[in-house]
Amino acid sequence: PVPVSVLGVRVDRITQQQVLDYIIERIVTQQQSTLLCQQIITVNPEFVMAAQRNSDFLTCINQAALVVPDGIGIVWAARYLGRPTPERVTGVDTVVALARRCAEAGYRLYLLGAAPGVAEIAASRLQELAPGLQIAGTYAGSPAASEEETILERISNARADILLVAYGAPAQDLWIKRNLSRLPVAIAIGVGGTFDFLAG
Ligand code: UDP
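Basis of the calculations
Residues numbered from 1 in each chain as written. Predicted model: local features only at pLDDT ≥ 70, side-chain atom pairs only at ≥ 80, totals over all residues. Helix = DSSP H or I, 4+ residues; strand = E, 2+ residues; numbered from the N terminus. Buried ≥ 20, exposed ≤ 12 C-beta atoms within 10 Å, placed from the backbone. Near = placed C-beta within 6 Å. Nonpolar A, V, L, I, M, F, W, Y, C, P; charged D, E, K, R; others polar. pLDDT = per-residue confidence, 0-100. Contact = placed C-beta atoms within 7 Å.

Trainee: How should I be thinking about unusual backbone geometry in this particular structure?
Mentor: Peptide bonds are, in most cases, trans, and in most cases residues other than glycine have a negative phi. A cis amide bond, omega 0°, links alanine 169 with the succeeding residue proline 170. In this structure, proline 170 sits in the loop between β7 (162–166) and α8 (171–179). Backbone geometry at alanine 114 places phi at a positive 70°, although glycine is not the residue there. Mapped onto the secondary structure, alanine 114 falls in the loop between β5 (108–113) and α6 (118–129).

Trainee: Sorry if this is basic, but what is going on with the environment of glutamate 148 here?
Mentor: As for its position among the elements, glutamate 148 is in helix α7 (residues 148–158). Given 16 C-beta atoms within a 10 Å radius, glutamate 148 is considered partly exposed. Each C-alpha atom of the pair glutamate 148 and leucine 163 lies 14 Å from the other, and the pair is 15 residues apart in sequence.

Trainee: Could you clarify how one ought to interpret the site of the ligand in this entry?
Mentor: Around the ligand lies a shell of 14 residues, among which Ala114, Gly168, Ala169, Gly192 and Gly193 are the nearest. Across the shell around the ligand, the residue classes break down as eight nonpolar, five polar and one charged.

Trainee: How should the confidence of the model for the protein be read in this particular structure?
Mentor: Looking at the protein, the pLDDT average stands at 97 and 100% of residues meet or exceed 70. Scored by ipTM, the complex comes to 0.93, with pTM at 0.97.

Trainee: Help me out: how do you make sense of the environment of arginine 83 in this one?
Mentor: Here arginine 83 shows up in the loop between α4 (72–80) and α5 (91–105). Distance from arginine 83 to aspartate 12, taken between C-alpha atoms, is 9.9 Å for residues 71 residues apart in sequence. Residues contacting arginine 83, with those up to four places away along its chain left out, are Val2, Val4, Arg13 and Ala78.

Right, dumping it as structure tokens:
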């Protein structure tokens, strides 16, 4: 279906299942022929408000490979606009479901961001929820430009398929966008407070 535009922000009308299928298919294609990393953004109402004041963020969202309807306010807005989304797709649920798909298929996740130590705990929790999941690596780092080379090198050495970035919006999404052409993964997703949530 045609995406819905919420105050100029594109939102794709997709289910969690479709998001997962898209990611897995992209990894498979990536392994056959080297493709650039693709960006996935999970949009909630705060993103829409922030994008009104930040045109780089607006462009970043609208150019992403997938814009996922996170946040019940987005689901309501889409319905009101006559282009309903099939369901709400929350970041945390999607990460857990993705971890299970990755565990089955042997695909590797890299967890970047959050306070030092949090990504490690979140990774263990994901491995409990998705037995057999391979964690390619974890690193807190920071979204500062001065750290980009270090981070890219770490991710590259880790041979990950999917990168989850927890630097909060819009920093995480702009970080991914800025590094998209150099990220050695099939898919990168901004996940906000997901690691904190998983780490409890
Ligand atoms: N964060 C970080 N470095 C920063 C800014 C934020 O690692 O420079 C992390 C923070 O520790 C938290 C996440 O980014 O784990 C942002 O969570 P928040 O709930 O603020 O994000 P939201 O879901 O609101 O986008």
